[in-house]
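# Structural overview
The lines below spell out each chain.
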Amino acid sequence: MMFGAIYQLMTGRSPQWPALRKQHLLLWPICEACRADSDLEVHHLDPVSWRPDKELDPDNLMTLCRRCHLLVGHLDNWASFNPEAEFDAVRWREKIKFRPVNPVPYGF
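Reference entry: report on the structure contained in this document. (Residues numbered from 1 in each chain as written. Predicted model: local features only at pLDDT ≥ 70, side-chain atom pairs only at ≥ 80, totals over all residues. Heavy atoms only, no water.)

## Notes on the pairing of strand β1 (residues 40-44)
What counts, and what does not: Exposure categories follow from relative accessible area, calculated using a 1.4 Å probe and restricted to protein chains: below 20% of the type maximum is buried, above 50% is exposed, and the middle band is partly exposed. Secondary structure elements are defined from DSSP: runs of H or I of at least 4 residues count as helices, runs of E of at least 2 residues count as strands, and each element is numbered from the N terminus. Note: two strands are recorded as paired if DSSP finds a minimum of 2 bridges between them.
By the criterion of burial, β1 is predominantly enclosed, with 5 of the 5 residues buried. Side-chain alternation along β1 places Leu40, Val42 and His44 on one buried face and Glu41 and His43 on a second face that is also buried. Direction of pairing for β1 relative to strand β2 (residues 61-65): antiparallel, over a ladder of 5 bridges. Bridge pairing in β2 links Val42 to Thr63.

## Considering the environment of Ser49
Within the secondary structure, Ser49 is located in the loop between β1 and β2. Remark: the alpha-carbon pair of Ser49 and Gly12, spanning 37 residues in sequence, is separated by 9.7 Å.

## Quick notes on the pattern of salt bridges
Counted only if it meets this: The term salt bridge refers to a pairing of a side-chain nitrogen on Lys or Arg with a carboxyl oxygen on Asp or Glu at a separation within 4 Å.
Taken as a whole and judged by the stated rule, the model has 4 salt bridges. Among the salt bridges present, the one from Glu55 reaches Arg13, with a minimum N-O distance of 3.0 Å. Highlighted residues: Glu55 in the loop between β1 and β2 and Arg13 in the loop between α1 (3-11) and α2 (17-27), separated in sequence by 42 residues. Given the relative accessible area of 22%, Arg13 is considered partly exposed. Between Arg51 and Asp53 there is a salt bridge, with the nearest N and O atoms lying 2.7 Å from each other. According to the relative accessible area criterion, Arg51 is partly exposed, its value standing at 35%.

Here is the structure:
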């Protein structure tokens, strides 16, 4: 049995997924919600479990850090998904950009 077939049996994912994931992260190397550049993951806008035909569709992918992947991509529940993840990532990014900052640090 070839490695690709073993990978697909073990993960349920296409053998092309690791290469596409790597390529996507090279093109989009920051979280689309908070702009973090570490602990990055590739989120499927349409879940692979619902739309396996879109697993390798570059237009179905977005980069999110681990924290934002759970919150923005899955609404704080890995069993769920967010049909408005792209919109919410932009909205969250704007909130972070213009967040109010306390002029006096806490504890002083």
